[in-house]
Amino acid sequence: MVTQKFWQRVCLLCVVTGLANCSEPPQETPVVQDMPVDTVISDNPDLLAPGVPMELAQLRAAAVSDVLYTVHFDIPALASEPVRGEVDVRFTQTDLSLPVVLDFRAPSDQVTQVLLNGEPVAFDSVPDHIVIPPTLLQPGEQRVSVFFQSTDAALNRQQDFMYALFVPDRASTAFPVFEQPDIKARYELSLTIPAHWQALANGALQSRVPDANDASRHRLLFAQTLPISSYLFAFAAGDLLIDSAERDGRTFTLYHRETDPDKLARNRDAIFDLHATALNWLEDYTGIDYPFGKFDFFAVPAFQFGGMEHPGAIWYRAETLFLDPTASRTQELGRASLIAHETAHMWFGDLVTMRWFDDVWMKEVFANFMAAKIAGPSFPDLNMPLRFFQAHHPTAYGVDRTAGANPIRQPLANLRDAGSLYGAIIYQKAPVVMQQLEQLIGEAALQEGLRQYLQSYQFGNASWIDLISILDALSDQDLLRWSQAWVDEPGRPRLGVRWTGDGIEITQQDDNSSRGLRWQQRVSVLLGHGGSVSEHFVDIDGERAQLALPGLATPDFILPGSDGISYGRFELDEQSILRLLDTTATLENPLHRAVSWQHLWEEVLDQQLTATRFFDALSLALGTEKDELLTQQMLGLLRNTFWRFLPADDRLVRAPHVEQLLWQGLADAPAAGQKGAWFNAIVDVTLSEQGINRLEDIWRMNTTPAGLPLQEQQYIALAEALALREVPQAQAILDEQQTRISNPDRLARFQFVRPAFSADPSQRQALFESFAELSSRRVESWVLDAQRAINHPLRAQTSLTMLPTALALSEEIQRTGDIFFPLRWLNATLDGHSSAEAAQTVRLFLQQRADLPAPLRAKMLQASDDLFRMTD
């Protein structure tokens, strides 16, 4: 029984009585005082707002349990034809004063019929919800059946394959569901697909038979899943190839669309081996066997993420799994880390899931944290502390230094905004924080706490407070206070280190002076004396800390954060800046060199060091650097400085010397994988006429870099680079390259992005304008490739006029795109620009759009930070 206010909100009475419209409001319905939950709903009409408001989720989580979905999708071969389906939802609802609210983000006419316990029932379709009034419910199990037409928003339908991707809140765009992570459910899935297609899902395939009404189509039935959250439910179908292998008594199955048999043969064993290694390690670490039965994965062409951890059916970006023979050890480690990351999610995220997406970072931090531990032993030749620093600190700093910085744990009022929570702070800063936590309480205590956490909440949900309470009981540290600074607040400490005459003093301050936050951490400090160094550690918890070092002379330089774990804006004094520019290359430890280059880069961004001075020192050091991981970090800094911080005229002057340096580096590199990194840098920065001619000669296959067997993807990159530089016969080069491409997915991508490389501005403009249509943005990685080309520094002047439209479009992209698309769109738009006009355009847009959603405003501030710094 509900009040007048609630009926006015959802207008259920019209449906129940068969009235098409209400001209008169219904009489006030008496409020039953012993139904407090009903009173909550009636007093909060926004509970049925679009999306999933947190209050609605909390009410449903308290009332709904034992959920089983039996769901069928009929998937046509043609992506232009709609997907239709039916879902049977069985559940227990303890509070019968509540309506049944299923989430379905589709036009109301895409719901054909709703049944309650097998009988047609009147229902109300408010935006994003199907609502059945509580007056129709009976005690015991509820059974709601819905016949529907899916939207394509999360089905990623392409020419001859499709895959569902429901994270974080997109299951409801495909079928009616309780869309929230803490209503875990079992799923029984069946699919009707073209007879020549294959399919995979969370559950094992149980049967496959010709459709009773159409022999050209097959009906597939999959086994019931264990309890999982709606964002983890998944299936894919299409013209797929299948490969299986057994490792340690387990069968692993790879679904893919790779048409190059050599590429498949070159990578398959490593792919299977890496999964087996990760599974074995995680079972040992957690003390819990892999919980989800079968283990399949799909290498998705142009997948918009690196991977997605659906239990029993992981999606991966195909290009990350199938490496070329020129792949570097860093790329190989990246693949191993990705596989370990997604496998770790089977425990951290899938077995135990956050209650609400404000804690989405928990699953990501432990996946990344475990991946670093798992992948390392397979790469004994690589410096893993160095790799950890490179993989986390620079990217996290790239957000934490901006006006758009966000905390690790972010508030979330409505699930529809969950996608805005993802980013570098979750994926890169959080693992650094977890590394510090392990350092603070000890490795054994952290492992024991995580085991207790997984055992206590398996197949259920938990929050950060649940975990930190377990860990706090295992430690004498005040972890709740530690968490408040590192997890609940944005930003990083600003730390200064000075020599006192007989030791060092560290001070920290909060850039937000009104907050006055202090971070607890152990800070490493490297002191240089002549040709030697000494490393020291200082625990800081307040405003300052000191360490006495009697007998040491005044150091030549001070390099704080040298261990690659300490985190913050470490300010270098002027003497240290000058000494490190000259001597970083001579530091024996590669990690120290990596930290030094990063800190010097921070000084460039804070305008304490000129970009040209930094670029010259970096270029000189590259000529002597032998560490593969560090070489790639330095190449990245060189490319970024070259295009974004050097004036255009200065780039042209320096180009011949830079190109010569890079070609020499390629010649000196001992292995194809290392040569590949140098070659990619050459293709990116070449501007001289001689250099462009040399690249064209390679593309025409008249010559090949010694020791570097180029593959199809590298020839595509060469053709696009030549077109960007508007060489004579650029269009003929693109024409021929198109005929060379054998893989259908790579060909489709090339055809899509090709107008972005046209010398005709009108063609580029037309492609950009097409992105206003959702249908043109379906394959997000293609859109981003095209947008980067349209806004390349060589085209930045002609694309200036597109900036206001691109910025405005980001709001629509935030609403309709996948989780990483908005920030990546903004980066692809702004990274090529370095002019004051571009910066002013962004500032004006932000001023005029005071109503811009706060998470999107933060993303825009993150993406424009370098642009603002270089033009201030």
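(A) Main features of the sheet that holds strand β18 (residues 307-308). Strand order in the open sheet made by the 5 strands is β15-β16-β17-β19-β18, with mixed pairing throughout. Here the strands that pair on one side only, and so sit at the sheet edges, are β15 (241-247) and β18. As paired elements, β15 and strand β16 (residues 250-256) share 7 bridges and run antiparallel to each other. Note on β16: the bridge partner recorded for Ile242 is Tyr255. Contacting β15, β16, β17 (295-300) and β19 (313-317), helix α5 (residues 261-286) runs over the sheet at an angle of about 135° to β16. Across the sheet, helix α7 (residues 329-344) touches β17, β18 and β19, and the angle it forms with β19 is around 150°.

(B) Local environment of the sheet that holds strand β7 (residues 129-132). Strand order in the open sheet formed by 3 strands is β3-β7-β6, and the pairing between neighbours is antiparallel. This sheet does not close on itself; its edge strands, each paired only once, are β3 (100-103) and β6 (124-126). Between one strand axis and the next, the sheet turns through 25° on average, direction left out of account. Looking at chain direction, β6 and β7 are connected through 3 bridges and run antiparallel. When the sheet's bridge partners are listed, Val126 is paired in β7 with His129.

(C) Summary view of unusual backbone geometry. Across the junction of Val167 and Pro168, the peptide omega takes the value -5°, indicating a cis bond. Within the secondary structure, Pro168 sits in the loop between β9 (161-163) and β10 (185-194). Notably, Asn117 is not glycine yet its phi reads approximately 55°, a positive angle.

(D) Structural detail: helix α8 (residues 360-375). Here α8 is 16 residues long and its end C-alpha atoms lie 23 Å apart, about the 22 Å a rise of 1.5 Å per residue gives. Within α8, 14 of the 16 residues are buried, which leaves the element mostly enclosed by the surrounding structure.

(E) Molecular detail of the pattern of salt bridges. One pass over the full model with this rule turns up 64 salt bridges. Across the salt bridge formed by Glu505 and Arg544, the nearest N and O atoms sit 3.3 Å from each other. Of this pair, Glu505 sits in strand β23 (residues 503-509) while Arg544 sits in strand β26 (residues 544-548), and the two are 39 residues apart along the sequence. Since its relative accessible area comes to 45%, Arg544 is described here as partly exposed. Two residues, Glu625 and Arg593, come together in a salt bridge whose shortest N-O distance is 2.8 Å. Taken as a pair, Glu625 in the loop between α16 (611-622) and α17 (628-644) and Arg593 in helix α15 (residues 590-605) lie far apart in primary sequence, 32 residues in all. As far as burial versus exposure is concerned, Glu625 and Arg593 are alike and both buried. Because the salt bridges share partners, they merge into one network encompassing Arg494, Asp511, Arg569, Glu571, Glu603, Asp606, Asp865 and Arg869.

(F) The arrangement of the nonpolar core in detail. Phe73, Phe175, Phe235, Trp315 and Trp825 are the most contacted members of the largest nonpolar core, which has 284 residues in total. Sorting elements by how many residues they give to this core places α8 first, with 11 residues. In this structure, Leu56, Leu59, Val101 and Val126 belong to the second largest nonpolar core, which totals 7 residues.

(G) Expanded view of the packing of helix α9 (residues 384-400) against helix α10 (residues 424-441). For the pair α9 and α10, interaxial distance at closest approach is 8 Å and the crossing angle is 120°. On the basis of the axis angle, α9 is oblique to α10. Crossing geometry of α9 relative to α10 is assigned as left-handed. In contact with Phe388, Ala391, His392, His393, Thr395, Ala396, Val399 and Asp400 of α9, α10 contributes Ala424, Ile425, Tyr427, Gln428, Lys429, Pro431, Val432 and Gln435. Of the residues in the contact of α9 with α10, the class split is 9 nonpolar, 5 polar and 2 charged.

(H) A look at the environment of Phe348. By the secondary structure assignment, Phe348 is in the loop between α7 and β20 (352-354). On the basis of relative accessibility, which here comes to 3%, the residue Phe348 falls in the buried class. Taking C-alpha positions, Phe348 is 5.1 Å from Lys363, a pair spaced 15 residues apart along the chain. When residues no more than four places from it in sequence are discounted, the contact partners of Phe348 are Thr286, Lys363, Phe366, Met370, Leu450 and Leu454.

(I) Seen up close, the packing of aromatic side chains. Applying the stated rule across the entire model yields 47 aromatic pairs. Ring centres 6.1 Å apart and planes at 80° place the aromatic pair Phe292 and Phe459 in the edge-to-face group. Of the two residues, Phe292 sits in the loop between α5 and β17 while Phe459 sits in the loop between α11 (443-457) and β21 (460-462), which places them 167 residues apart along the sequence. Taken together, the ring pairs connect Tyr69, Phe73, Phe104, Phe148, Phe166, Phe175, Tyr187, Phe233 and Phe235 into an aromatic cluster. Looking at Arg694, its charged tip hangs above the ring of Trp663, at a distance of 3.7 Å from the centre. Directly above the aromatic system of Tyr715 lies the positively charged group of Arg740, at a separation of 5.7 Å from the ring centroid.

(J) Highlighting the environment of Pro744. If you trace the backbone, Pro744 turns up in helix α23 (residues 744-753). Taking the C-alpha atoms as reference points, Pro744 and Gly564, 180 residues apart in sequence, are found 43 Å from one another. Every residue in contact with Pro744, bar those within four places of it in the chain, is listed here: Arg257 and Thr259.

(K) Main features of the side chain of Arg725. One can find Arg725 in the loop between α21 (712-724) and α22 (730-740). We note that Arg725 is buried and unpaired, the nearest opposite charge coming from Asp684 at a distance of 5.4 Å. Polar side-chain contacts of Arg725 include one of 3.3 Å to the backbone oxygen of Val683. Beyond its immediate chain neighbours, meaning those up to four positions away, Arg725 contacts Trp643, Val683, Asp684, Val685, Thr686, Ile692 and Leu794.

(L) The arrangement of the confidence of the model for the protein chain in detail. Per-residue pLDDT for the protein chain averages 93, and the proportion of residues at 70 or more is 95%. Within the model, the stretch residues 1-40 combines pLDDT values under 50 with 61 contacts to residues more than four positions away or in other chains.

(M) Highlighting the packing of α15 against α16. Where α15 meets α16, the closest approach of the two axes is 9 Å, and the angle between their N-to-C directions is 160°. As the angle between them shows, α15 and α16 are arranged roughly antiparallel. In the crossing of α15 with α16, the sense of the turn from one axis to the other is left-handed. Touching Trp597, Leu600, Trp601 and Val604 of α15 are Ala611, Phe614, Ala617, Leu618 and Ala621, all from α16. Each residue belonging to the contact of α15 with α16 can be placed in one class, and the counts come to 9 nonpolar, no polar and no charged.

Rules and cut-offs
- Residues numbered from 1 in each chain as written.
- Predicted model: local features only at pLDDT ≥ 70, side-chain atom pairs only at ≥ 80, totals over all residues.
- Heavy atoms only, no water.
- Pairing = 2+ DSSP bridges.
- Helix = DSSP H or I, 4+ residues; strand = E, 2+ residues; numbered from the N terminus.
- Contact = heavy atoms within 4.5 Å.
- Axes fitted to C-alpha atoms, helices over the stretch in contact; angles between N-to-C directions.
- Expected span 1.5 Å × (residues − 1).
- Buried < 20%, exposed > 50% of the residue type's maximum accessible area, 1.4 Å probe, protein only.
- Salt bridge = Lys/Arg side-chain N within 4 Å of Asp/Glu carboxyl O.
- Core = buried A, V, L, I, M, F, W, Y, C linked by side-chain atoms within 4.5 Å.
- Parallel < 35°, antiparallel > 145°, perpendicular 65-115°, else oblique.
- Left-handed = near helix turned anticlockwise from the far one by under 90°.
- Nonpolar A, V, L, I, M, F, W, Y, C, P; charged D, E, K, R; others polar.
- Phe/Tyr/Trp six-rings, centres within 6.5 Å; stacked < 30°, edge-to-face > 60°.
- Lys NZ or Arg CZ within 6 Å of the ring centre and 35° of its normal.
- Lys, Arg positive; Asp, Glu negative; His and termini not counted.
- Polar contact = N/O pair within 3.5 Å; in protein donor to acceptor, adjacent residues only side chain to side chain.
- pLDDT = per-residue confidence, 0-100.

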